[in-house]
Amino acid sequence: MAPIKKLFTIGYEQAPPKAVLDELENAGVKLLVDVRAVVSSRRPGFSKNQLAAALDERGISYLHFKGLGTPKEGRLAARSGDMTSLERIYAKHLKTTQAKEELDELSSLAMKAGPVCLLCYERDHHHCHRKWVAQIIEHRLGVKIENLLPLQL
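Keep in mind that this is a model prediction, so the values were computed, not measured.

Visitor: Looking at this structure, I do not really get helix α2 (residues 48–57). What am I missing?
Guide: Each full turn of the α-helix corresponds to 3.6 residues, which orients residues three or four apart in the same direction. Inspection of α2 places L51, A54 and L55 among the buried residues, and these make up the whole buried set. All buried residues of α2 lie within an arc of 100° about the axis, which places them on one face of the element. More than 90 degrees from the buried face of α2, the exposed residues found are N49, D56 and E57. Contacts from the buried residues of α2 go to α1 (17–27), β2 (31–34), β3 (61–64) and β4 (116–120). Immediately beyond the C-terminal end of α2, within one or two residues, lies G59, with a positive phi of roughly 80°.

Set out below in structure tokens:
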């Protein structure tokens with residue numbers, strides 16, 4: 001019987017790039033899937049091109065799935081701490097064609113790529129939409145979810 005695959009998640013809030021990269025490398029992650037709607041960041045090292053280049057240096061591939069990011073109204077709800085509204089907004093968003101296609105692609109990648117990790121900003125996965133993406137993949141594939149916590153600043 002094949003071992004159960006893992007699906008990792010990670011948030012970079014309060015963590016320097018090196019700590020995030022070290023955590024991914026130590027976990028054996030081979031593919032990072034960025035599930036942010038907006039891939040620019042005020043945090044040095046976490047904008048799409050900088051992050052992809054740093055990952056490449058460590059032998060980790062990078063993909064951005066914009067369709068799995070939280071729409072603007074969801075991000076506003078999250079910033080205000082309204083997780084109920086965020087969940088409602090994101091559940092509706094997941095019914096869009098782009099989100100469905102990207103969930104299907106993520107499912108496929110999680111089965112055949114090396115260990116996959118979902119990335120977003122929030123350190124605590126309980127306060128981030130990535131937990132719902134991970135739960136969908138867990139339900140579809142029976143993978144085990146592991147939430148990585150890089151060292152903080």
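Visitor: Just checking my understanding: could you explain the pattern of salt bridges for this structure?
Guide: Any two side chains of opposite charge can pair, so long as their charged atoms come close to each other. Taken as a whole and judged by the stated rule, the model has 6 salt bridges. The residue R58 makes a salt bridge to D22 at a minimum N-O spacing of 2.6 Å. One end of the pair, R58, is in the loop between α2 and β3; the other, D22, is in helix α1, and 36 residues separate them in sequence. Judged by relative accessible area, which is 23%, D22 ranks as partly exposed. Notably, a salt bridge pairs R58 with E25, separated by 2.8 Å at the nearest N-O pair. Of the two residues, R58 is situated in the loop between α2 and β3 and E25 in helix α1; the sequence distance between them amounts to 33 residues. The partly exposed category is assigned to R58, whose relative accessible area is 23%. On the basis of relative accessible area, E25 is assigned to the partly exposed category, the value being 41%. Through salt bridges that share partners, K18, D22, E25 and R58 make up one connected network.

The rules behind the values
- Residues numbered from 1 in each chain as written.
- Predicted model: local features only at pLDDT ≥ 70, side-chain atom pairs only at ≥ 80, totals over all residues.
- Heavy atoms only, no water.
- Buried < 20%, exposed > 50% of the residue type's maximum accessible area, 1.4 Å probe, protein only.
- Helix = DSSP H or I, 4+ residues; strand = E, 2+ residues; numbered from the N terminus.
- Arc of directions from axis to C-beta.
- Contact = heavy atoms within 4.5 Å.
- Salt bridge = Lys/Arg side-chain N within 4 Å of Asp/Glu carboxyl O.

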